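Residue strings, one per chain:
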Amino acid sequence: RAKITLCVDGSASHLSAAFGKPTLTLFGPTNPVHWHWPSPNTPRLSAADYSSEPRPPVDAIPVPAVGAAIEQLLKGING
């Protein structure tokens, strides 16, 4: 009964999207181009967008960026 799913890249994000749940996926060192098929219902944030490290950890994504992405996703489902 969750409104959205927030998870790191992995099976949980794929299952959530398969069940039609709005899903925000956080990517650390994994390249989202290879593992993520974005849609308005399944956005992603990548640590590479916030760090100059070659393979940054997921915690390189700033908390305010995650909060803003959650708000945007909720806005999309609540109209």
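Residues numbered from 1 in each chain as written. Predicted model: local features only at pLDDT ≥ 70, side-chain atom pairs only at ≥ 80, totals over all residues. Heavy atoms only, no water.

**Q** Which residues make up the pattern of salt bridges, and what are the values?
**A** Once the charged atoms of two side chains with opposite charge are near each other, the side chains can pair. On inspection of all chains with the given rule, the structure shows one salt bridge. Taking the shortest distance from any N to any O, the salt bridge between Asp49 and Arg44 comes out at 3.1 Å. (Salt bridge = Lys/Arg side-chain N within 4 Å of Asp/Glu carboxyl O.)

**Q** I'd like to hear about the nonpolar core, residue by residue, with values.
**A** Listed in full, the 10 residues of the largest apolar core are Ile4, Leu24, Leu26, Leu45, Ala47, Ile61, Ala65, Val66, Ala69 and Leu73. Elements that contribute at least two residues to this core include exactly β2 (23-27) and α3 (63-78). Those residues in contact with Val66 that lie beyond four places of it in its chain are Leu6, Leu24, Leu26, Leu45 and Ile61. (Core = buried A, V, L, I, M, F, W, Y, C linked by side-chain atoms within 4.5 Å. Buried < 20%, exposed > 50% of the residue type's maximum accessible area, 1.4 Å probe, protein only. Helix = DSSP H or I, 4+ residues; strand = E, 2+ residues; numbered from the N terminus. Contact = heavy atoms within 4.5 Å.)

**Q** Outline the sheet that holds strand β1 (residues 5-8), listing residues and values.
**A** Strands sit in the order β1-β2-β3 across an open sheet of three strands; the sheet is parallel. In this open sheet, the two edge strands, each paired with only one partner strand, are β1 and β3 (44-46). Sheet twist, expressed as the average angle between the axes of neighbouring strands with direction ignored, equals 15°. Of the strand pairs in this sheet, β2 and β3 are connected by three bridges, and their pairing is parallel. Bridging from a neighbouring strand, Leu26 pairs with Leu45 of β3. (Pairing = 2+ DSSP bridges. Axes fitted to C-alpha atoms, helices over the stretch in contact; angles between N-to-C directions.)

**Q** Break down the environment of Leu26 for me, with residues and values.
**A** Inspection of the secondary structure puts Leu26 in strand β2. On the basis of relative accessible area, Leu26 is assigned to the buried category, the value being 13%. For the pair Leu26 and Tyr50, spaced 24 residues apart in the sequence, the C-alpha separation amounts to 12 Å. Setting aside its immediate chain neighbours within four residues, Leu26 contacts Leu6, Cys7, Val8, Asp9, Leu45, Val58, Ile61 and Val66.

**Q** Would you mind going over the environment of Ile61 in detail, with residue names and values included?
**A** Within the secondary structure layout, Ile61 lies in the loop between β3 and α3. Put simply, Ile61 and Ser46 are 15 residues apart on the chain and 7.0 Å apart in space, counted from C-alpha to C-alpha. If near-sequence neighbours (up to four positions away) are discounted, Ile61 is found in contact with Leu26, Phe27, Leu45, Ser46, Ala47, Tyr50 and Val66.

Just distances and angles here, no functional claims.
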